[in-house]
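Next come the chains, spelled out residue by residue.
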Amino acid sequence: MHTIPSIIDPEHVDPPVENRAGLDEHRRLRRDEFWRVIPAYAEVSAAEFGDHKWQQRHTVSNVHQLRATVGGIAREEFFKDIEDGISSAPMALRISPYLLSLIDWENPAADPIRAQFLPLRSGQQPDHPMLRYDSLNEREDSPVPGLTHRYPDKALFLPQPSCPVYCRFCTRSYAVGNDTEMIEKMKLGASAGRWDEAFRYIESQPQLEDIVISGGDTYNLKAGHIEAIGRRLLGMPNIRRIRYATKGLCVLPQKIATDPAWTDALTRVVELGRKLHKDVVVHTHFNHPNEITGATEDALGIFTERGIHVRCQTVLQRGVNDSAEVMSLLVRRLSYINVHPYYVYVHDMVPGVEDLRTPLHAAQSLERHVRGVTAGFNTPFFVLDAPGGGGKRDVHSPDWYNRATGVSVFTAPGVKAGRKFLFFDPIQSLGEEARWRWSQPLERRAMIDEALNA
Ligand SMILES: *Cc1c(COP(=O)(O)O)cnc(C)c1O
Ligand code: SF4
């Protein structure tokens, strides 16, 4: 009898993947009453905490409220640090009790959710000298206020300027949120006249097929507006695809179950789209696996039953999700609850949040780690939205990149042919010599010229 020769040495075979420790971490979603550690929420029942109206009523939007909520468990220096941080932040404070409770209050300074919503003066870094408001030049590409038309067949519609939460790093800090000490915002009211102007423009452009209804946040649109915007757009012969963008699933997933008027309005638009053979989807925004709980799973369960597809756009942030472990867990956890990871964006060059930016090479390296972790269709594209209006580019595709000076050059022949777009790594990520060069105006010019002439 012959044994079959094996090229596999049984002594050196990896155990089947499902037996490896930690691989089911993405399925372990919190369902405990985690909010009860917050002094102000200690007596709040699961039913109350799970009601979107209760969440909205208790939204924290200034340091006074923050102190009144977590005063017993966070130190006074922490509140002072936030107060100072807010005075030089581009975004106003707003956070839901749900997200606030998911912060690790034993060590809030290091917490990835704290880092995104509560600015600390002690963590701030000076802005890169090449950085400015509206870094993506959205206003330049706006034929109508609140409508950005940069790509041939798709456009971005901003119906109103508020969100259920304010992210420190918001790219649209020029328009989104309340005025802050740093910026007076462009005023994009939810007025029927402005909307109508946008709709008439969209109708007049036969090449437009795809509209992103973005933020502000569509969670903050009334049910009737969700439906009216959807019906108006789907009624245009040129429009084939619409996307409702909302951070809400991350901030207040409870709303999907407890605000049936809103959820039903969205469902009717999705159903109308299906009848018309058009595509209606939801785009959302999760950045860290801790933001996904049993409440998120329940909300996405309702969407899945109703055939509502959800895609996620993540922002890469230093200290939040810039490790292979965290990003891989996020991708698996999103996939598990039927959210398709669509994009991971390199953090835009927006003011006041330099501490959150990563260099381009961090995104390139992360992409290599994440690809292969799960299904290809659940693997996000890592992109950089080129400053100056070049649009989204694959992070692996700079035409030129000097890692020492942190300058990269992108071209976008399909969007703005013949132009070069420069991106700048954060100065704190560079070596000593480059950090010195960036402090010298002549050296600065030389580094930029080197990139442009390359
Ligand atoms: C991101 C974006 C879109 C949508 O782009 P996709 O890559 O199709 O998701 C449309 N318009 C503008 C101005 C954008 O920034
Ligand atoms: S939810 Fe989106 S639009 Fe609103 S503040 Fe956050 S990043 Fe900006």
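This structure is a prediction, so every number in the text was calculated from the model and none was measured.

Colleague: Can you tell me about the overall build of the protein chain, naming the residues and giving the values?
Modeller: Along the backbone of the protein chain there are 16 helices and 12 strands. For a compact globule of 454 residues, the expected C-alpha radius of gyration is about 22 Å, and the protein chain comes in at 23 Å, within 12% of that figure. With respect to the three principal axes, the spread of C-alpha positions in the protein chain is 75 × 60 × 55 Å. Residue burial in the protein chain is summarised as follows: out of 454 residues, 54% are buried. Taking the intrachain contacts of the protein chain between residues at least 6 apart in sequence as the baseline, contacts between residues at least 24 apart amount to 76%. Accessible surface, the protein chain as shown: approximately 20000 Å² in total, 52% of it carbon and sulfur. A gap of 5 Å separates the mean positions of the 54 positive and 58 negative side-chain charges of the protein chain.

Colleague: An account of the sheet that holds strand β4 (residues 241–245) is requested, with residue identities and associated values reported.
Modeller: Sheets are built from strands that pair by backbone hydrogen bonding, the pairs being arranged parallel or antiparallel. The nine strands lie next to each other as β1-β2-β3-β4-β5-β6-β7-β8-β9, forming an open sheet whose pairing is mixed. Two strands in the sheet have a free side with no partner beyond their single neighbour: β1 (147–148) and β9 (391–394). The sheet contact formed by strand β7 (residues 339–346) and strand β8 (residues 381–386) spans three bridges and is parallel. From the neighbouring strand, Tyr345 faces β8, where its bridge partner is Val383. Across the sheet, helix α13 (residues 324–336) is in contact with β6 (310–316), β7 and β8; its angle to β7 comes to roughly 150 degrees.

Colleague: Give me the lowdown on the site of ligand 2, citing residues and values where you can.
Modeller: Lining the immediate environment of ligand 2, one finds Met91, Cys163, Val165, Tyr166, Cys167, Cys170, Val176, Lys247 and His285. Its residues assigned to classes, the shell around ligand 2 comprises seven nonpolar, one polar and one charged.

Colleague: Quick one: what's the story with unusual backbone geometry, residue by residue and with numbers?
Modeller: Although it is not a glycine, His277 adopts a positive phi angle of roughly 60 degrees. Its place among the elements puts His277 in the loop between α11 (260–275) and β5 (279–284).

Colleague: An account of the pattern of salt bridges is needed here, citing residue identities and associated values.
Modeller: Oppositely charged side chains may form a pair once their charged atoms are brought near each other. Within this structure, the stated rule accounts for 28 salt bridges. Its salt-bridge partner being Glu77, residue Arg75 comes within 2.7 Å of it at the nearest N-O pair. Residue Arg75 is classed as exposed on the basis of its relative accessible area, which comes to 59%.

Colleague: Give me the sheet that holds strand β11 (residues 407–411): which residues, what numbers.
Modeller: Taken in spatial order, the three strands make up an open sheet running β10-β11-β12, and their pairing is antiparallel. Edge positions in the sheet fall to β10 (400–402) and β12 (420–424), since each has one partner strand and no second. The mean inter-strand angle of the sheet, taken between neighbouring strand axes irrespective of direction, is 20 degrees. On top of the sheet, helix α14 (residues 360–370) reaches β10, β11 and β12; it is set at about 110 degrees to β10, its chief contact. Strand contacts of helix α16 (residues 441–453): β10, β11 and β12, with the helix running at about 140 degrees to β12, the strand carrying the most contacts.

Colleague: Describe the site of ligand 1, listing the residues and the values that go with them.
Modeller: As a structural note, the neighbourhood of ligand 1 is formed by Thr148, Tyr151, Lys154, Leu156, Arg243, Tyr342, Tyr343 and Lys392. In this structure, an oxygen atom belonging to ligand 1 sits 2.7 Å away from a side-chain N or O atom of Tyr342. In the complex, the protein chains occlude 92% of the 380 Å² of accessible area that ligand 1 would expose alone. Among the elements of the structure, β2 (154–157) and β7 are those that each provide at least two residues to the shell around ligand 1. For the shell around ligand 1, a count of residues per class yields four nonpolar, one polar and three charged.

Colleague: Account for the environment of Asp179, naming residues and giving values.
Modeller: When you line up the elements, Asp179 lands in the loop between β2 and α7 (192–203). With 89 residues separating them in the primary sequence, Asp179 and Pro90 have C-alpha atoms 8.5 Å apart.

Colleague: Please set out the domain arrangement of the protein chain residue by residue, giving values where relevant.
Modeller: Partitioning the protein chain into domains gives domain 1 (29–123), domain 2 (147–395) and domain 3 (398–454). Summarising the inter-unit geometry, the C-alpha centres of domain 1 and domain 3 are found 38 Å apart.

Colleague: Summarise the side chain of Thr314; cite the residues concerned and give the values.
Modeller: Topologically, Thr314 is positioned in strand β6. Its relative accessible area of 3% is what places Thr314 among the buried residues. Within the structure, the side chain of Thr314 is placed 2.7 Å from the backbone oxygen of Phe286, a separation counted as a polar contact.

Colleague: Can you lay out the packing of α13 against α14 for me, pointing to particular residues and giving the numbers?
Modeller: Closest axis-to-axis distance for the α13/α14 pair is 10 Å, and the angle between their directions is 55 degrees. Relative to α14, α13 is oriented oblique. Here the hand of the crossing between α13 and α14 comes out right-handed. For the pair α13 and α14, the contacting residues are Ala324, Met327, Ser328 and Val331 in the first and Leu366, His369 and Val370 in the second. For the contact of α13 with α14, the residue count by class is five nonpolar, two polar and no charged.

Colleague: Summarise the pairing of β11; cite the residues concerned and give the values.
Modeller: The buried count for β11 comes to four of five residues, which makes it a mostly enclosed element. By the bridge criterion, three bridges tie β10 to β11 in an arrangement that is antiparallel. When the sheet's bridge partners are listed, Trp400 is paired in β11 with Val409. The turn linking β10 back onto β11 is made up of four residues, and Gly406 within it adopts a positive phi angle of 80 degrees. Across five bridges, the pairing between β11 and β12 is antiparallel. The residue bridging Val407 from the neighbouring strand is Phe424, located in β12.

Reading the values: rules and limits
- Residues numbered from 1 in each chain as written.
- Chains lettered and ligands numbered in written order.
- Predicted model: local features only at pLDDT ≥ 70, side-chain atom pairs only at ≥ 80, totals over all residues.
- Heavy atoms only, no water.
- Helix = DSSP H or I, 4+ residues; strand = E, 2+ residues; numbered from the N terminus.
- Rg over C-alpha atoms; globule rule 2.2 N^0.38 Å.
- Buried < 20%, exposed > 50% of the residue type's maximum accessible area, 1.4 Å probe, protein only.
- Contact = heavy atoms within 4.5 Å.
- Areas by Shrake-Rupley, 256 points an atom, 1.4 Å probe, with all protein chains shown as cover.
- Lys, Arg positive; Asp, Glu negative; His and termini not counted.
- Charge placed at Lys NZ, Arg CZ, Asp CG, Glu CD.
- Pairing = 2+ DSSP bridges.
- Axes fitted to C-alpha atoms, helices over the stretch in contact; angles between N-to-C directions.
- Near = heavy atom within 4 Å.
- Nonpolar A, V, L, I, M, F, W, Y, C, P; charged D, E, K, R; others polar.
- Salt bridge = Lys/Arg side-chain N within 4 Å of Asp/Glu carboxyl O.
- Polar contact = N/O pair within 3.5 Å; in protein donor to acceptor, adjacent residues only side chain to side chain.
- Domains from an automatic or database assignment.
- Parallel < 35°, antiparallel > 145°, perpendicular 65-115°, else oblique.
- Left-handed = near helix turned anticlockwise from the far one by under 90°.

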